Amino acid sequence: MTTQTNVAVSRRHPILRTLGIILAAFVFLIVLLIIFWRWDWFVPTINRRMTAALHRPATISHLHVRLGFVTTVTVDDLDIKQPEGFEKEKEDFASAKHITVSANVWRYITGHGIALPLIAVDTPRGDIVSRLDGQNNYSFSSGKDKSSSSSSGDLSSLPKIGEVRINDGDVRLALAKMKTDMRVLMHTTPPKGDDEGSIVIDLKGRYAQAPINGHIVGGSLLTLTNETRPYPIDGRLANGPTYVTLRGVVNDPLHFKGTNLDLHFAGPDMALLYALTAIPIPHTPAYNVTGKLNYTAARIRFDNFEGRMGSSDIGGNIAVDPRAKPINVDARLHSHRVDLADLGGFIGAKPGKDESKANTASNQILPDQKINVPKLNAVNAHLTYHGDHIENKKMPLDNIDTDIVIQDGAIDVKHLNFAVGNGTLAMAATLNPAKNEEFATKLRVDVSRLSIQRLMQSTGTFKGEGTLGGHITLTSTGNSVANLVANGDGGITLVVDHGGDVSALLPDLMGLKVGSAILSALGIPQRSDLQCFIADMPLRQGIIRTNSMLLQTSNTRTIGGGTINMRNDTLDYHVDTRSTGLNVLSFPGRVNISGPIKSPAIMPGAEIIGRAAATAALAVVFPPAVLLPTIQFGVGKGSVCEQALAEVNTRPASGIKPGATTGKGAPQVRAAPPPAATHHGKAKKGHVTNTSDAAKVHQAWERKLNKEH
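Residues numbered from 1 in each chain as written. Predicted model: local features only at pLDDT ≥ 70, side-chain atom pairs only at ≥ 80, totals over all residues. Heavy atoms only, no water.

(A) Quick look at the overall build of the protein chain. For the protein chain, the count of helices and strands is 14 helices and 34 strands. The proportion of buried residues among the 709 residues of the protein chain is 43%. Summarising the internal contacts of the protein chain: among those between residues at least 6 apart in sequence, 54% fall at separations of at least 24. Total accessible area on the protein chain stands at roughly 37,100 Å², and carbon and sulfur atoms take up 58% of it. (Helix = DSSP H or I, 4+ residues; strand = E, 2+ residues; numbered from the N terminus. Buried < 20%, exposed > 50% of the residue type's maximum accessible area, 1.4 Å probe, protein only. Contact = heavy atoms within 4.5 Å. Areas by Shrake-Rupley, 256 points an atom, 1.4 Å probe, with all protein chains shown as cover.)

Here you go:
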């Protein structure tokens, strides 16, 4: 019995021994694996997968993992090469010496979401390139992936991030379409006590072809995801001569819940702000404005801003809907004191008081700055502007009020009104897109009872109570004030009733220093009382002809005829002066005026007297709205001009019968809006033509800006 038991035990012993050896070997291998384990064994696999995912060579040199409930992963020497087609770039697409990420594994396992207590990036580098043909080196996904990636905007799915550290970051941005090549330098500062740290960004290089230099300090990146703590921003930026500062806080910036920011702009020309704001603004003189910047996902507002533009003050509110294509802008602007010279850029002229040497040397008399069609199509806008008091020595108007709408590339000047004493100067126009980036234009200006004394107030030498009145019309196609007039059709009928002392009126109105010589050349004695002036002049294809031109004083009667060619800014004109009574020391006769409008020649007469006389004659023929193509004026019953005007009244050159626009009393003529603005020949739905409907337009824009998608 005992012998049989020993035999059985001895038979099982080899099996146990084998199992023991296997178990020992397994334990030994585990010990060896622990001793000699290297996470770098996974590096080749990681490199292959990164390269495949990014569609460009991507490598890391080392991988470090510290396991635990909070697991930390570090990669060394990350290097991502340029994609195909960008191999000639001098820098790699991206790189970093070290990237460390800590993840709370236990939180994820227990279903509380992803938490990253630490993200640290050491010496990150980047090279972001976009070419003129649209190719770029930062697109990773194919077109099939775009729809899915664009819908992943749920901020609630973002991981909970603890601390973010960036050390010595340097990213190059080379964007050809934006004419930009600059470097973005960044680093973070560590938390200290209650201070959660900050991110510091410096910009250097060129943006929109102009040098850029900026310094921005923001709160910690962690604060960006904190819905209850406002995110602080303090930055300054110089883009060429434009200077911008921004200081304040942003409430929950990832959800765009509002701001409390002070924004300051300063520079030599507001048109330069297009590169920073994408909002086209006409050329202006130097400006300096400060206001409150407020924004949400649906609207950006620049509220209650005040400042200077040239010698004028400027203020108001601007609202922008950035989601619309093109963007919508609603601007309500005002000035207490405005110099009209500062608004020259709005009609294509050089703003401010100084003219360039090129302008002075040229024979061009009208602004030839073309309307920038791409910029105009980049925005739909509604602009209202009111200037309480106008300061302008040549044309002392009292105030300005305007309402302009830009929609789908069309410009609708609902009204542009000026007050002059008890009189008014009112304009309305439409400019609709036509072929070759031109605009089919209709313009009308109504002038009513403008006081000559008020117009001459700045001279201090004029005495008299005369009035000026009439209408202006223009139909044309072009792209600037100059070629609109050069291509235009219309007519002029102008009346001055009891103009006062003509020897003071004409020279001082034109700013000439040889007034007596001018009047002598015309055969008009000094101290003559201007009783009546009428000019009825049609405009056809840029050439102004004369139906009638009469200037009557207490001593003389002057009749003019000829043409003014606005295509090449020359004139071929003559005036004949005859005495209406005994007039000793007066030399009546014909004066021929020809040559460039800016500096015409006169025959006979000395050169300086000839030029002055021609300029004064031009002021009579085409005063003082020389920038406008067609004027028709009328007078009230009983005027000295009544008989002379009767002939003009039957068929006025402008096609509009004159009203009681001169003489005593309140203004009788208001700007009649032109036909409703159209786009490519079709009336726009809901178009407003009545200038009293400005409030309704604003309400409609407010509803549009406030509407949530």
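After that view of the structure, there is still more to cover.
(B) Looking closely at the pairing of strand β17 (residues 312-321). Burial runs high along β17: 8 of the 10 residues are buried. For strand β16 (residues 300-309) and β17, the ladder comprises 8 bridges, and the chain directions are antiparallel. Looking across to β17, one finds that F305 is bridged to G316. In sequence, β16 turns back onto β17 through a hairpin of 2 residues, with G310 there showing a positive phi of about 65°. What sits between the antiparallel neighbours β17 and strand β18 (residues 327-338) is a turn of 5 residues. (Pairing = 2+ DSSP bridges.)

(C) Geometry of the pattern of salt bridges. Going through the model one piece at a time under the given rule, you end up with 15 salt bridges. Residues K81 and D79 are paired through a salt bridge, measuring 3.0 Å at the closest nitrogen-oxygen approach. Among the residues examined, K81 registers a relative accessible area of 34% and is labelled partly exposed. Salt-bridge contacts for D412 lead to K414; the nearest nitrogen and oxygen are separated by 3.2 Å. Taking the relative accessible area as the measure of exposure, K414 reaches 5% and is therefore buried. (Salt bridge = Lys/Arg side-chain N within 4 Å of Asp/Glu carboxyl O.)

(D) The arrangement of the environment of I472 in detail. Structurally, the position occupied by I472 is in strand β24 (residues 467-478). With 19 residues separating them in the primary sequence, I472 and G491 have C-alpha atoms 7.6 Å apart.

(E) The arrangement of the nonpolar core in detail. Among the nonpolar cores identified, the biggest contains 80 residues, and F265, I400 and M566 are the most heavily contacted of them. The contacts of M566, once residues within four sequence positions are left out, are I365, L366, V485, A486, G542, I544 and I597. In terms of nonpolar packing, the next biggest core, distinct from the first, is built from 9 residues, A58, V75, L78 and I80 among them. (Core = buried A, V, L, I, M, F, W, Y, C linked by side-chain atoms within 4.5 Å.)

(F) Representation of the side chain of D79. Its location among the elements puts D79 in strand β3 (residues 70-80). Since its relative accessible area comes to 15%, D79 is described here as buried. Among residues more than four places away in sequence, those in contact with D79 are P57, A58, T59, D92, A94 and S95.

(G) Spotlight on a nonpolar patch on the surface. A cluster of nonpolar side chains, F69, V70, V105, W106, Y108, I109 and I114, forms an exposed patch at the surface whose accessible area comes to about 760 Å². As for its placement among the helices and strands, W106 is situated in helix α3 (residues 105-109). (Patch = residues over 30% accessible without salt bridge, like charges linked within 9 Å, V, L, I, M, F, W, Y side chains within 5 Å.)

(H) Up close: helix α2 (residues 43-54). The terminal C-alpha atoms of α2 lie 16 Å apart, and with 12 residues this matches the ideal 16 Å at 1.5 Å per residue to within 8%. Positive phi shows up at H55, right after α2, with a value of about 60°. (Expected span 1.5 Å × (residues − 1).)

(I) How the structure looks around the environment of A381. As for its placement among the helices and strands, A381 is situated in strand β19 (residues 379-390). On the basis of relative accessible area, A381 is assigned to the buried category, the value being 14%. Measuring from C-alpha to C-alpha, the distance between A381 and I404 comes to 8.1 Å, with 23 residues separating the pair along the chain.

(J) Broad picture of the pairing of strand β5 (residues 115-122). Sheet topology places strand β4 (residues 94-104) next to β5; 5 bridges connect them, and they run antiparallel. In the strand pairing of β5, I99 is matched with V121. As defined by bridge partners, β5 adjoins strand β7 (residues 160-167) across 7 bridges and the pair is classed as parallel. Bridge pairing in β7 places V121 opposite I166.

(K) A look at the confidence of the model for the protein chain. Looking at the protein chain as a whole, the pLDDT averages 74, with 66% of positions reaching at least 70. Here residues 668-694 scores under 50 on pLDDT; set against residues more than four positions off or in separate chains, the count is 54 contacts. (pLDDT = per-residue confidence, 0-100.)

(L) Here's a closer look at the packing of aromatic side chains. Applying the stated criterion across every chain, the model contains 4 aromatic pairs. These aromatic residues form a ring-pair network of at least three members: F265, F302 and F305. Above the plane of the ring of F93 lies R56, whose end atom (NZ or CZ) is 4.8 Å from the centre. It is R131 that lies over the ring of F86; its NZ or CZ is 3.9 Å from the centre. (Phe/Tyr/Trp six-rings, centres within 6.5 Å; stacked < 30°, edge-to-face > 60°. Lys NZ or Arg CZ within 6 Å of the ring centre and 35° of its normal.)

(M) Representation of unusual backbone geometry. Cis geometry is adopted by the peptide bond preceding P326, which originates at K325 and carries an omega value of -5°. Take P326: it is sitting in the loop between β17 and β18. At A208, a residue that is not glycine, the phi angle is positive and equals roughly 55°. Assignment of secondary structure puts A208 in the loop between β10 (198-207) and β11 (210-219).

(N) Structural view of the environment of D446. For D446, the location among the structural elements is in strand β23 (residues 439-451). Considering only alpha carbons, one finds D446 and A426, 20 residues apart in sequence, at a separation of 5.2 Å. Among the polar contacts listed, one links the side chain of D446 to the side chain of R444, at a separation of 2.9 Å. (Polar contact = N/O pair within 3.5 Å; in protein donor to acceptor, adjacent residues only side chain to side chain.)

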